[in-house]
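# Observations on chain architecture
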Amino acid sequence: MIARLLIGPLETIKKEIQENLALHLRGVNVNNHPDLLYFSSDSKLGIAESRKIKEFFSLKPYSGKGRAVVLEDATSLTPEAQNALLKTLEELPKHGLFILCANSDAPFLPTVLSRCQIITLQPPRLQAKSNFSADIEKLLESNLEQRFEYIEKLKDREEFFLSLLDYFHKKLPANSKFVKELLQAGEWQKQNVNIRAILEYLMLVMPSIK
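Here we summarise the structure given alongside this text.

What counts and what doesn't
- Residues numbered from 1 in each chain as written.
- Predicted model: local features only at pLDDT ≥ 70, side-chain atom pairs only at ≥ 80, totals over all residues.
- Heavy atoms only, no water.
- Pairing = 2+ DSSP bridges.
- Helix = DSSP H or I, 4+ residues; strand = E, 2+ residues; numbered from the N terminus.
- Axes fitted to C-alpha atoms, helices over the stretch in contact; angles between N-to-C directions.
- Contact = heavy atoms within 4.5 Å.
- Expected span 1.5 Å × (residues − 1).
- Buried < 20%, exposed > 50% of the residue type's maximum accessible area, 1.4 Å probe, protein only.

### Examining the sheet that holds strand β3 (residues 68–71)
- Taken in spatial order, the 5 strands make up an open sheet running β2-β3-β4-β1-β5, and their pairing is parallel. Edge positions in the open sheet fall to β2 (36–39) and β5 (116–120), since each of these has one partner strand only. Across the sheet, the axes of successive neighbouring strands diverge by a mean angle of 15 degrees, strand direction being ignored.
- For strand β1 (residues 3–7) and β5, the ladder comprises 5 bridges, and the chain directions are parallel. Following the sheet pairing, I7 is matched in β5 by T120.
- Where helix α1 (residues 10–24) meets the sheet, its contacts fall on β1, β2, β3 and β4 (97–102), and the angle it forms with β4 comes to roughly 175 degrees.

### Re helix α3 (residues 79–90)
- Taking 1.5 Å of rise per residue, the 12 residues of α3 would be expected to cover 16 Å, and the 17 Å separating its terminal C-alpha atoms lies within 8% of that figure.
- All of the buried residues in α3 are A81, Q82, L85, L86, T88 and L89.
- Contacts made by the buried residues of α3 are with β1, α2 (47–58), β4, α4 (110–113) and β5.

Okay, here's the thing in structure tokens:
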């Protein structure tokens, strides 16, 4: 099997992890399962942990069809730890499941990324009550000054933001650069970053069809 790098908000990733583990470990209760090595988001991930992962995969499974390792926050891997994992990633056992989780692929070495299946997860989101599709399509053809002017005059910025999420999640593949920007913007919104600042940033990085 190939290792999976799940990119997205932690709450969305956790649901995906549980679904993968339930299937891989034969639907049993995965808590404290002998075939599972789980590193929570506050775990230190250095060379010692990389060696532990390698040793864990070298052993035969107890009751599942294979062994599973989960790094809830793989961005904590030091560069040295990432290098130490390269052979494990490249020679994962046939029934081994290795899940790395992160909110971005930026902290990882290219050699790590090339050995993983990268899956971008979209968070569950509220549906916009208003449809701004026509405005968004016009903005795609507008220059930066016109985009900023639109955001300045916009009254319902929260609704526009939701509509923006809906529009591009339908139009672009999940692993596209701008969808990743939208995922990050969703995280900023949850942290109460000013919605106008978020929208102005998105206007800067939004694709253009001019």
